[in-house]
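Listed below, chain by chain, are the residues.
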Amino acid sequence: MARPPAARASLDYNKSNVSGKTFYLETFGCQMNAHDSEKVIGALMARGYEPVDTPAEAGLVLYNTCSIRDKAEQKVFHRLQQFQREAGKGKIFGVLGCVAQQEGERIFERAPHVSLVAGSASYTRLGEMLTQLEAGNRRVTGLSLDIDQAFETPFTRRDNPHRAYITIIEGCDKSCAYCVVPFTRGPERSRAGESVMAEARGLAERDYTEIQLLGQNVNSYRDPSPAGWDFATLLARVAEIPGIRRVRYTTSHPRDFGKSIVDAMDSNTAICDHVHLPAQSGSSRVLAAMDRLYTRDDYMRRIEWIKTAKRRYAITTDIIVGFPGETERDFEETLRLLDEVEYDSLFSFKYSPRPNTAALAMEDRIPEEEKQRRLVILQEKQRAIQIRRNAEWIGRTAEVLVEGRNPALGQWIGRTSDNRILNFTHPGGNGDSLAGRYMPVRVTRSGPNSLVGESASMV
Ligand code: SF4
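Treat the numbers as computed from the prediction; the structure is a model and nothing was measured.

Caption draft 1: Geometry of the overall build of the protein chain. Check the secondary structure of the protein chain and you find 13 helices and 20 strands. A compact globule built from 459 residues should have a C-alpha radius of gyration of about 23 Å, and the protein chain, at 22 Å, falls within 12% of that. Seen along its three principal axes, the alpha-carbon backbone of the protein chain occupies a region of about 60 × 60 × 50 Å. A separation threshold of at least 6 residues defines the contact pool for the protein chain, and within that pool the share at least 24 residues apart is 72%. About 19100 Å² of surface is accessible on the protein chain, with carbon and sulfur atoms providing 49% of the total. Within the protein chain, one finds 62 positive and 60 negative side-chain charges whose respective centroids are separated by 3 Å.

Caption draft 2: Highlighting the pairing of strand S12 (residues 246-250). Of all five residues in S12, five are buried; the element is thus mostly enclosed. What you see with S12 is no split at all: Arg-246, Arg-248 and Thr-250 on one side and Val-247 and Tyr-249 on the other are buried throughout. By the bridge criterion, five bridges tie strand S11 (residues 210-214) to S12 in an arrangement that is parallel. Across the sheet, the residue bridging to Ile-211 is Val-247, located in S12. Read from S11 through helix H8 (residues 231-239) to S12, the crossover connection turns out right-handed.

Caption draft 3: Expanded view of the site of the ligand. Taken together, the residues surrounding the ligand are Cys-172, Lys-174, Cys-176, Tyr-178, Cys-179, Val-181, Pro-182, Gln-216, His-253 and Arg-292. For the shell around the ligand, the class distribution of residues is six nonpolar, two polar and two charged.

Caption draft 4: Main features of the environment of Arg-138. Within the secondary structure layout, Arg-138 lies in the loop between helix H5 (126-134) and strand S7 (140-142). As for Arg-138 and Ser-417, which are separated by 279 residues in sequence, their C-alpha atoms are 47 Å apart. Among residues more than four places away in sequence, those in contact with Arg-138 are Ile-92, Val-114, Ser-115 and Leu-133. Within the local environment of Arg-138, its side chain forms a polar contact with the backbone oxygen of Leu-133, the two atoms lying 3.3 Å apart.

Caption draft 5: Examining unusual backbone geometry more closely. Between Thr-250 and the following residue, Thr-251, the backbone shows a cis peptide bond with an omega angle of 0 degrees. Here Thr-251 is to be found in the loop between S12 and helix H9 (259-267). Located in the positive-phi region is Leu-293, a residue other than glycine, with phi close to 70 degrees. In this fold, Leu-293 is placed in the loop between helix H10 (284-289) and helix H11 (296-307). When its relative accessible area of 39% is taken as the criterion, Leu-293 is described as partly exposed.

Definitions and cut-offs
Residues numbered from 1 in each chain as written. Predicted model: local features only at pLDDT ≥ 70, side-chain atom pairs only at ≥ 80, totals over all residues. Heavy atoms only, no water. Helix = DSSP H or I, 4+ residues; strand = E, 2+ residues; numbered from the N terminus. Rg over C-alpha atoms; globule rule 2.2 N^0.38 Å. Contact = heavy atoms within 4.5 Å. Areas by Shrake-Rupley, 256 points an atom, 1.4 Å probe, with all protein chains shown as cover. Lys, Arg positive; Asp, Glu negative; His and termini not counted. Charge placed at Lys NZ, Arg CZ, Asp CG, Glu CD. Buried < 20%, exposed > 50% of the residue type's maximum accessible area, 1.4 Å probe, protein only. Pairing = 2+ DSSP bridges. Right-handed = clockwise from strand over helix to strand, strands pointing away. Near = heavy atom within 4 Å. Nonpolar A, V, L, I, M, F, W, Y, C, P; charged D, E, K, R; others polar. Polar contact = N/O pair within 3.5 Å; in protein donor to acceptor, adjacent residues only side chain to side chain.

What follows is the structure, encoded as structure tokens:
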């Protein structure tokens, strides 16, 4: 799935009184983790904890971790080592998220100053775990995956004042051969449709205009209430909420991506012009080895639905190169997939062996330098495609949601419905904050990763 860079979740908050209960939380990994952190922060603040800007100032230091690749995991242990000496001074350390679930109590051996180890499936027990920590228990764990509920809290502390995440499904019932997620996040649990709707309506009332529906595989969403909505129905209902101008969703699994989703998108322009459909490989042979449950032809059928839809949708994907046994021919099929689909953007990764995954035992490993060579070829091909695709925008006008300002360039930063970054100038608007507004922008230039333009309105 799409993985934005790690974020320091506490940075947006005012520094506060450090004499009381204080915390610092750093987030690694995907949007699911970023949103989990928003919920954990909300729960902590509702309990009287105040966020601070650095681990040095905090009484409770938390790392919400990602184990999708070895590098992300190593980073967490490096962070923990950096502050090891602080533990003796009454500071409490906790590891949350995927590394916590994967490594479990081994973390206490590797980093003995850690007091809390909890996977995301245990966040429903967060209050109880905090009570134990506050009572002086220095070995608190939340590691059970035996759960049938999604984590819901009324206390989510959101990072962005205009765009809000809503988790609709947690966990994953697939077993892709390279992926740790079923092991770290547990089985699929969908939230009740009405609960999702109530959260979305509440956000609209508080002036949020963009909603991003989140899940490891949103396409397999099934409302557990008698209404029994599928994902396409939920998507359409959220998009009808007055005040909601944009709805996005991530991430999809091609096997569960039905035509009804494209029909729902076609029926309401509030659903953004963007589909992220992770292919992982263009070779049916490799897809079978990955246990992805679809062939290249199945995947291309879904691309066809999207390309023949009523509106024009941007298509993005994830690709893994160097999966065990991937031949030069398999890799060339992936390159051909890029040519056929002409993705608007892609996230590409070298295969990284992970514990508890089927691929770990597979033979015929691809040497690191070969993986790197393939990654470079893939990225160069995609760069050329993006240069071409983005150039098609020159002269067109797109509506952007303004996300902020780049003072160094004297430009505002906007995002189009199809998820392109469109930086633009706005005469006379430089002093006022346009953030959160929707504005038409005429595209004047393009590069491989973004567009440049000028405001088409004098707002
Ligand atoms: S669908 Fe596959 S890649 Fe995605 S989270 Fe589930 S197991 Fe991992």
